[in-house]
Amino acid sequence: QVQLVESGGGLVQTGGSLRLSCVVSRSIFSANVMGWYRQPPGKQRELVASISGGGSTNYADSVKGRFTISRDNAKSTVYLQMNSLKPEDTAVYYCAAKVFPSTSWGSWGQGTQVTVSS
């Protein structure tokens, strides 16, 4: 069982930055792909960014150029650096993992709130 614990959310003004962290309970090598999802108020959860075991990244169009996902395998931690934040980035952000051999997002964190004020 893989457990994920997010931290780093908070309240920030438009244009500000935050860095989210997600600590994975066991060796991150067992998680082929790590990702960050978000769920804005009243909306569906959406994939924001993902990173493979080899470091390949993908981003939602809405965050390209502003957000950066990275991983530190030695610390079993995945990060989401969020810059130039906008009010529409306000959401609960969730860390997720695809644990080999599964190809689905089977492990989730509890979520961390990010609020961007205008």
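Now for a look at the structure at hand.

Let us look at the sheet that holds strand S8 (residues 77-82). What the four strands build is an open sheet, ordered S1-S3-S8-S7; its pairing is antiparallel. With partners counted over all chains shown, the strands left at the sheet margins are strand S1 (4-7) and strand S7 (67-72), one partner each. Ignoring which end each strand starts from, the neighbouring axes of this sheet average 15° apart. For S1 and strand S3 (residues 18-24), the ladder comprises four bridges, and the chain directions are antiparallel. Its bridge partner lying in S3, Glu6 is registered against Cys22.

This next bit is on the nonpolar core. Ranked by size, the top nonpolar core spans 27 residues in total, and within it Met34, Trp36, Phe67, Leu80, Met82 and Tyr93 carry the most contacts. Counting only elements with at least two residues in this core, the list comes to S3, strand S4 (31-39), strand S5 (46-52), S7, S8, strand S9 (91-99) and strand S11 (112-117). Here this core takes five residues from S9, the largest share from any one element. Excluding its chain neighbours within four sequence positions, the residues that come into contact with Tyr93 are Glu6, Leu20, Trp36, Tyr37, Arg38, Val48, Phe67, Leu80, Met82, Gly111, Thr112 and Val114. Val33, Tyr94, Ala96 and Trp105 belong to the second largest nonpolar core, which has five residues in total.

Attention now moves to the pattern of salt bridges. Pairing between side chains becomes possible if they bear opposite charge and their charged atoms approach one another. Scanning the model with the defined rule gives four salt bridges in all. Linking Arg38 and Glu46 is a salt bridge whose minimum nitrogen-to-oxygen distance equals 2.7 Å. The buried category is assigned to Arg38, whose relative accessible area is 4%. Residue Asp89 pairs with Arg66 through a salt bridge whose shortest N-O separation is 2.7 Å. Of this pair, Asp89 sits in the loop between S8 and S9 while Arg66 is found in the loop between strand S6 (57-59) and S7, placing the two residues 23 residues apart along the sequence. Accessibility expressed as a relative area gives 1% for Asp89, which makes it buried. Salt bridges sharing common partners tie together Arg38, Glu46, Arg66 and Asp89.

Moving on: unusual backbone geometry. Between Phe100 and the following residue, Pro101, the backbone shows a cis peptide bond with an omega angle of 10°. With respect to the secondary-structure elements, Pro101 resides in the loop between S9 and strand S10 (107-108).

What follows deals with the packing of aromatic side chains. Overall, the coordinates contain three aromatic pairs when judged by the stated rule. What links up through ring pairs into an aromatic cluster is the set Tyr37, Tyr94, Trp105 and Trp108. Note that Arg45 overlies the ring of Trp108, its terminal NZ or CZ placed 4.8 Å from the centroid.

The rules behind each value
- Along each chain, the written sequence defines residue order, and numbers are assigned to residues from 1.
- pLDDT decides what is reported in this predicted model: residues at 70 or higher carry local features, side-chain atom pairs at 80 or more are listed and counted, and totals for whole chains, interfaces and linings draw on all residues regardless.
- Heavy atoms from the whole structure form the basis of all side-chain values; hydrogens and water molecules are not counted.
- The pairing criterion is simple: DSSP has to find at least two bridges between the two strands.
- Counting from the N terminus, the helices are DSSP H or I runs at least four residues long and the strands are E runs at least two residues long.
- Only the contacting stretch of a helix is used when fitting its axis, a line to C-alpha atoms as for every element, and angles between N-to-C directions run 0 to 180 degrees.
- Take the buried Ala, Val, Leu, Ile, Met, Phe, Trp, Tyr and Cys residues and link them wherever side-chain atoms come within 4.5 Å; each set so joined is a nonpolar core.
- Burial here depends on accessible area, computed with a 1.4 Å probe over protein chains only, as a share of the maximum for the residue type. Under 20% is buried, over 50% is exposed, and the range in between is partly exposed.
- The contact criterion used is simple: two residues touch if any of their non-hydrogen atoms lie within 4.5 Å.
- Salt bridge, as applied in this entry: a Lys or Arg side-chain nitrogen positioned within 4 Å of an Asp or Glu carboxyl oxygen.
- Stacked, tilted and edge-to-face are the three classes assigned to paired rings of Phe, Tyr and Trp, where Trp is represented by its six-membered ring and a pair needs centres within 6.5 Å; plane angles under 30 degrees give stacked, over 60 edge-to-face, the rest tilted.
- Note on geometry: a ring has a charge over it if NZ (lysine) or CZ (arginine) is within 6 Å of the ring centre and within 35 degrees of the ring normal.

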